[in-house]
Amino acid sequence: MMKILKNTSEKYFSQYIIYICFILNFIVDLATGFLLLNKIPVSLSIPFKLFILLLVIYSIGAKNPNYLIFPLALFSLSCISIFASLYMEGGKNPLTQSNILKIIYSPIIYVYLLLFYKNDRTIQAENVIQLNTLVFVLNIVLGIMGIGYSSYGTDAGIKGFFYDANALSGTVLVLYVYSYIASNKKSIVFVVWFFIAFLIGTKSGILAIFLYYTFSKLYYSKWKTKVFIVILVFLFCYWIYIFYTKIPLLVMHVDRIIYSMEHNGNILNALTGNRIMRIDNVLNKIKNTETIMNYLFGYGYIDNCEMDFFDTLFAYGIIMCVLITGFYLYLIWKNRKNVDILLLDVLFLIISFIAGHIWWNTSISFFFCFINIKKIRVVQKETKKRKIMDYICRSTYDR
């Protein structure tokens, strides 16, 4: 450790600290969950991620001030939204310190990674993702052993020491996509992560992983295989419909949907977990309090719709919502020729409109951004010809 620090110049010291913080990401989240589980109301995640955000902004400015324009614009708009929620008419519930950084975290991390990781440091990126993946999986194993939280306040679903079950939807999707792209055993990767999502009990995660795998196979397969995959999808859905009564977690999800449809008469509201009603609740709260400042800079954190697009619109206003939506649309356009990453970006955008904790999920920001700057090395199959060529190359180099 001392040798590394000695060889790390002052110019790159902040990058080294950020790298260590990236590695500790899930560990800090789990430590917060452990404290909350033991009724110690202390959040380590909020100051930890605020520290990362400020250090990232400093590093961007030190490297290339021109790259600071977008991060500072987002940070300034966040501060203006706080002011608007505190002092402008209609703002009654100010954004908390954690909510300040949540929505702007991914875009700023992306700018940082684009500046420092774009052309090299692939191994460091892989270390960050793989070590955090290991921590994530070990935590789920703890959940299987009955340690930590359940996902829905009952015995349904496990999440170990992760205290935010909804945020795990995006987490399992991003970690699955990284593993899927990097591995040549794609079907095995799908089965493993689908099973993990099922253990957690995240509907969005299960559906997103299934859709990603299906569309990826449809795109890369020949037409006969595509027909076969469509049949498999139909059989899978039919299996869920027939046998859901045998699986308590599925029973709970289906019963919630049926209950919501019976009481609200709205299938869209039922499928989104009553989130459509939450939009109506927010609109009722801000009724007759609209001002131009509220339209532009939001109302603060009035209520939680758990639909990221609408939460951003209500809390931060039109300007911030346009910038954040534009950022994710830009990623879709940028990766339009890379189907593996494009599928992830499209799913992210869709989920942000129908569910929460995607744009507002700081735990997965740099995983998502690493994938979008293509910091993934695909594991190649070891063939006899390749082994011979590697031996020849090594022998030539040794001479």
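Model, not experiment: these values are computed from the prediction. (Residues numbered from 1 in each chain as written. Predicted model: local features only at pLDDT ≥ 70, side-chain atom pairs only at ≥ 80, totals over all residues. Heavy atoms only, no water.)

*Asks:* I'm lost on unusual backbone geometry in this one. Help?
*Replies:* Peptide bonds are trans in most cases, and residues, glycine excluded, mostly fall at negative phi. Positioned with a positive phi, Lys39 is a non-glycine residue whose angle comes to about 60 degrees. Locating Lys39 in the fold gives a position in the loop between helix H3 (25-37) and helix H4 (45-63). (Helix = DSSP H or I, 4+ residues; strand = E, 2+ residues; numbered from the N terminus.)

*Asks:* Got a minute to help me understand the side chain of Ser216 in this structure?
*Replies:* Of note, Ser216 is situated in helix H10 (residues 203-220). With residues near it in sequence (within four places) discarded, Ser216 still touches Tyr180, Asp340 and Leu343. (Contact = heavy atoms within 4.5 Å.)

*Asks:* Sorry, what's going on with the packing of aromatic side chains here?
*Replies:* Aromatic ring pairs: the centre-centre distance and the angle between the two ring planes describe each pair. As enumerated under the stated definition, the model contains 32 aromatic pairs in all. Geometrically, the ring pair formed by Tyr117 and Phe370 is edge-to-face, given 5.3 Å between the ring centres and 70 degrees between the ring planes. Taken together, the residues span a long stretch of sequence, with Tyr117 in the loop between helix H6 (97-116) and helix H7 (122-144) and Phe370 in helix H18 (residues 365-372) at a distance of 253 residues. Side by side, Tyr117 and Phe370 carry an identical accessibility label, which is buried. Seen in terms of ring centroids, Tyr180 and Tyr213 are 6.2 Å apart; in terms of plane orientation they differ by 85 degrees. Their pairing is edge-to-face. You can see Tyr180 sitting in helix H8 (residues 168-182) and its partner Tyr213 sitting in helix H10, a full 33 residues away along the chain. The same class applies to Tyr180 as to Tyr213, namely buried. Its end group placed over the ring of Tyr180, Lys186 keeps NZ or CZ at 4.7 Å from the ring centre. The lysine or arginine in question, Arg336, covers the ring of Trp333, its NZ or CZ lying 4.3 Å from the ring centre. (Phe/Tyr/Trp six-rings, centres within 6.5 Å; stacked < 30°, edge-to-face > 60°. Buried < 20%, exposed > 50% of the residue type's maximum accessible area, 1.4 Å probe, protein only. Lys NZ or Arg CZ within 6 Å of the ring centre and 35° of its normal.)

*Asks:* What exactly am I supposed to notice about a nonpolar patch on the surface here?
*Replies:* Together, Ile292, Tyr295, Ile318 and Val322 give the surface a local cluster of nonpolar side chains, amounting to about 400 Å² of exposed area. If you list the elements that add at least two residues to the nonpolar patch, you get helix H15 (292-297) and helix H16 (308-334). Within the element layout of this structure, Ile318 appears in helix H16. (Patch = residues over 30% accessible without salt bridge, like charges linked within 9 Å, V, L, I, M, F, W, Y side chains within 5 Å. Areas by Shrake-Rupley, 256 points an atom, 1.4 Å probe, with all protein chains shown as cover. Salt bridge = Lys/Arg side-chain N within 4 Å of Asp/Glu carboxyl O.)

*Asks:* I would appreciate a short explanation of the environment of Phe198 in the present structure.
*Replies:* Within the secondary structure, Phe198 sits in helix H9 (residues 186-200). The class of Phe198 is partly exposed, set by a relative accessible area of 24%. As a C-alpha pair, Phe198 and Ile158 span 40 residues in sequence and 9.3 Å in three-dimensional space.

*Asks:* I'm lost on H18 in this one. Help?
*Replies:* Within an α-helix, residues lying three or four positions from one another point in the same direction, as the helix has 3.6 residues per turn. Counting buried residues along H18, eight of its eight residues qualify, which places the element largely inside the surrounding structure. What H18 keeps buried is the set Ser365, Phe366, Phe367, Phe368, Cys369, Phe370, Ile371 and Asn372. Of the residues trailing H18, Lys374 is marked for its positive phi of about 65 degrees.

*Asks:* Even after reading the chapter, I still don't get the packing of H9 against H10, so can you show me in this structure?
*Replies:* Describing two packed helices takes the angle between their axes plus the distance from one axis to the other. Where H9 contacts H10, the axes come no closer than 9 Å and their chain directions differ by 165 degrees. What the angle tells us is that H9 and H10 run roughly antiparallel. The element H9 and its partner H10 pack so that their crossing is left-handed. For the pair H9 and H10, contact is made by Lys186, Ser187, Phe190, Trp193, Phe194, Ala197 and Phe198 and by Gly205, Ile206, Ile209, Phe210, Tyr213 and Lys217, respectively. (Axes fitted to C-alpha atoms, helices over the stretch in contact; angles between N-to-C directions. Parallel < 35°, antiparallel > 145°, perpendicular 65-115°, else oblique. Left-handed = near helix turned anticlockwise from the far one by under 90°.)

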